[in-house]
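Structural characterization, general
Below, each chain spelled out in residue letters.
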Amino acid sequence: MNEQLKLGLPKGSLQEATLALFKKAGWNVSVSGRSYFPDINDDTMTCALCRAQEMALNVENGTLDVGLTGRDWIAEYQSDVHVVTDLVYSKVSAKPARWVVAVAYDSPVQTLEDLQGKTVSTELVGVTKRFFADKGIDVKVKFSWGATEAKVVSGLADAIVEITETESTIKAHGLRVIHELMQTNTQLIANRVVWEDPAKREKIEEMAMLLKGALVAGKLVGLKMNVSKEDVENVVNLLPSLHAPTVAHLYQSDWLSVETVVDSGTVRDLIPKLLKEGAEGIIEYPLNKVINK
Ligand SMILES: Nc1ncnc2c1ncn2[C@@H]1O[C@H](COP(=O)(O)OP(=O)(O)OP(=O)(O)O)[C@@H](O)[C@H]1O
Ligand SMILES: O=P(O)(O)OC[C@H]1O[C@H](OP(=O)(O)OP(=O)(O)O)[C@H](O)[C@@H]1O
Ligand SMILES: [Mg+2]
C-alpha cells in the first residue's frame, strides 16, 4: 500500500473509549492540544478527529478512507458506506446504547399513539421522522442542539427521542421511557471505492481483526492454577467448555498446571469452587487481545 490510509476517529462521547481500544489493539494515538490531527505510531496511516455525526458523510465522500462512529448517525444520514464490522462499545461500557422515546413522569402520554399531533424534540431528526411516519403517527419533530432531556421538563416538548446508556440522565430528569427506537453501537466503516482497493482493504481488515480482538479480550481473563493428578478431572469439569483448557506437567512433579480463558464476570464465583476441588496457586491475568479465526 503506497498511499497512507486516512482514518477518522470520533471526537466527543466515543473518543476516550476509542483511543483506549486502539491502544490495546497496538496503536498509540496522541492527541495534542487543540489539534484535530493526532499522531499515530503507524506510518501507513494518517489520523483525524471528526464529530461522530459527520463521520459517515466524510467516509462516504472520500475525505476519509475509514472511520469509527455510531450506527445511529450512519442511519440518520442513510450514508452509503461499507460497514466493516460492529464494535460493540459505547461511552462508558462495552454494551450498545439505546435511543428511546421518553416523556415526563406525570405526562398523560402512555403509548406512541398518544403522541399524535404532539411535539417531539431530538438530535436524531431523520430517524425520528421516519420512525413516526412508518407508524402513521403525525408528530412535529423539532431539532435539539443537546441537553434534550430538559425539554420535556421545561414543557418545550411533549416527548424526546434521546440516547441513553446508563439511564442516569433519564433518571436525573424524572423521565419515563415509553418505547425503544433503536440500539446503537460503534461501527468501523469504509469508503466503498477504498474497500475495493485490495491493499487498503487488507489493511482495514487487519485493523478490524485487531480492534475486535482487543474488544473481546476486555471481557475475558486468563486463569492458571496447579492441580494434583487426582483432582484434575474435577477441576477441569468446572471450567467453561468453550475451549479445552491446556494441561501441562510441572517439572519433576506429579502435579499439573491448568490454564484457560474465561468470561471475567464468572471468575468471582469460579475461584472459590476451584479451590474447593483442590486447585492451588490460582492466578488471574488480564488479556490484551483474543484473536479467533
Ligand atoms: N453514553 C452515550 N451518550 C451519548 N452518545 C453516546 C453514548 N455512548 C455512545 N454514544 C455514541 O456517541 C456518538 C455521539 O457522539 P458525539 O460526541 O459526537 O455526540 P455527543 O455525545 O452528543 O457530543 P457532545 O459532547 O457535543 O454532547 C453517537 O454515535 C452515540 O451513539
Ligand atoms: O444514559 P446516560 O449514561 O446518562 O447517557 C446519556 C446522556 O449522555 C449524552 O449527553 P451528552 O453528554 O452528549 O450531552 P448533550 O445532551 O448536551 O448532548 C446523551 O445525550 C444523554 O443525555
Ligand atoms: Mg450529546
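In this report, we go over the structure that sits alongside the text. (Residues numbered from 1 in each chain as written. Chains lettered and ligands numbered in written order. Predicted model: local features only at pLDDT ≥ 70, side-chain atom pairs only at ≥ 80, totals over all residues. Heavy atoms only, no water.)

**A short note on the overall build of the protein**
- Check the secondary structure of the protein and you find 10 helices and 16 strands.
- In summary, the protein has a C-alpha radius of gyration of 24 Å against a globular reference of 19 Å for 293 residues, an excess of more than 25%.
- By its C-alpha atoms, the protein is 80 × 55 × 35 Å across when sized along the principal axes.
- Counting across all 293 residues of the protein, residues that qualify as buried make up 44%.
- The long-range fraction of contacts in the protein, counting pairs at least 24 apart against all pairs at least 6 apart in sequence, stands at 69%.
- Accessible surface, the protein as shown: approximately 15600 Å² in total, 50% of it carbon and sulfur. (Helix = DSSP H or I, 4+ residues; strand = E, 2+ residues; numbered from the N terminus. Rg over C-alpha atoms; globule rule 2.2 N^0.38 Å. Buried < 20%, exposed > 50% of the residue type's maximum accessible area, 1.4 Å probe, protein only. Contact = heavy atoms within 4.5 Å. Areas by Shrake-Rupley, 256 points an atom, 1.4 Å probe, with all protein chains shown as cover.)

**Digging into the packing of aromatic side chains**
- Evaluated as defined, the whole model comprises 5 aromatic pairs.
- On the basis of an interplanar angle of 80° and a centroid distance of 5.1 Å, the ring pair of phenylalanine 131 and phenylalanine 132 is categorised as edge-to-face. This pair shows no difference in class: phenylalanine 131 is buried, exactly as phenylalanine 132 is.
- Members of the aromatic cluster, joined through ring pairs, are Trp73, Tyr77 and Trp99. (Phe/Tyr/Trp six-rings, centres within 6.5 Å; stacked < 30°, edge-to-face > 60°.)

**A closer look at the site of ligand 2**
- If you check the shell around ligand 2, you find 13 residues, and the closest are Glu149, Glu162, Glu165, Thr166 and Thr169.
- Here threonine 166 contributes a side-chain N or O atom positioned 2.5 Å from an oxygen atom of ligand 2.
- Protein contacts shield 69% of the accessible area of ligand 2, which totals 490 Å² for the unbound molecule.
- Considering each element in turn, the shell around ligand 2 owes the most residues, 3 residues, to strand β10 (residues 159-164).
- Grouping the constituent residues of the shell around ligand 2 by class yields 2 nonpolar, 5 polar and 6 charged. (Near = heavy atom within 4 Å. Polar contact = N/O pair within 3.5 Å; in protein donor to acceptor, adjacent residues only side chain to side chain. Nonpolar A, V, L, I, M, F, W, Y, C, P; charged D, E, K, R; others polar.)

**A word on the packing of helix α1 (residues 15-25) against helix α8 (residues 198-217)**
- Packing of α1 against α8 brings their axes to within 8 Å, and their N-to-C directions diverge by 100°. One element, α1, and the other, α8, form an angle in the roughly perpendicular class. Contacts from Leu21, Phe22, Lys24 and Ala25 in α1 reach Met207, Leu210, Leu211, Ala214, Leu215 and Ala217 in α8.
- Partitioning the contact of α1 with α8 into residue classes produces 9 nonpolar, no polar and 1 charged. (Axes fitted to C-alpha atoms, helices over the stretch in contact; angles between N-to-C directions. Parallel < 35°, antiparallel > 145°, perpendicular 65-115°, else oblique.)

**Examining the site of ligand 1**
- Taken together, the neighbourhood of ligand 1 is formed by 16 residues, with Ser13, Gln53, Asp72, Lys91 and Glu165 sitting nearest.
- The contact in question runs from an oxygen atom of ligand 1 to an N or O atom on the side chain of arginine 51, over 3.1 Å.
- A distance of 2.7 Å separates an oxygen atom of ligand 1 from a polar atom in the side chain of glutamine 53.
- Within the complex, the protein chains bury 74% of what would otherwise be the 610 Å² of accessible surface of ligand 1.
- Every element with two or more residues in the shell around ligand 1 is listed here: α2 (52-60) and α3 (71-76).
- A per-class count over the shell around ligand 1 returns 4 nonpolar, 6 polar and 6 charged.
- For the shell around ligand 1, the domains that each give at least three residues are domain 1 (5-92 + 186-217) and domain 2 (97-184). (Domains from an automatic or database assignment.)

**A few points about the nonpolar core**
- Residues Leu7, Leu9, Phe22, Leu68, Leu188, Ile204 and Met207 are the most contacted members of the largest nonpolar core, which totals 29 residues.
- With 22 residues, the next largest nonpolar core counts Val103, Leu124, Phe131 and Ala159 among its residues. (Core = buried A, V, L, I, M, F, W, Y, C linked by side-chain atoms within 4.5 Å.)

**A look at the sheet that holds strand β6 (residues 82-87)**
- Ordered in space as β4-β1-β5-β12-β6, the 5 strands form an open sheet in which the pairing is mixed. Two strands lie at the open edges of the sheet, namely β4 (45-51) and β6, each paired on one side alone. Taken pair by pair, the neighbouring strands of this sheet meet at an average axis angle of 25°, ignoring direction.
- In the sheet, β6 pairs with strand β12 (residues 186-190) via 5 bridges, with the strands oriented antiparallel. The partner of valine 83 across the bridge, within β12, is isoleucine 189.
- Contacts from α2 reach β1 (5-11), β4, β5 (66-70) and β12, with the element oriented near 130° to β4.
- In the packing of α8 onto the sheet, the strands contacted are β1, β4, β5, β6 and β12, and the crossing angle to β6 comes to about 15°. (Pairing = 2+ DSSP bridges.)

**A short note on the sheet that holds strand β7 (residues 97-104)**
- Reading across from one edge, β9-β8-β10-β7-β11 is the order of the 5 strands in this open sheet, with mixed pairing throughout. Where the open sheet ends on each side, the last strands, each with one partner, are β9 (140-143) and β11 (175-184). If you compare each strand with its neighbour and ignore which way they point, the axes differ by 25° on average.
- Where strand β8 (residues 119-122) meets β10, 3 bridges bridge the pair, whose relative direction is parallel. Across the sheet, valine 120 pairs through a bridge with alanine 159, a residue of β10.

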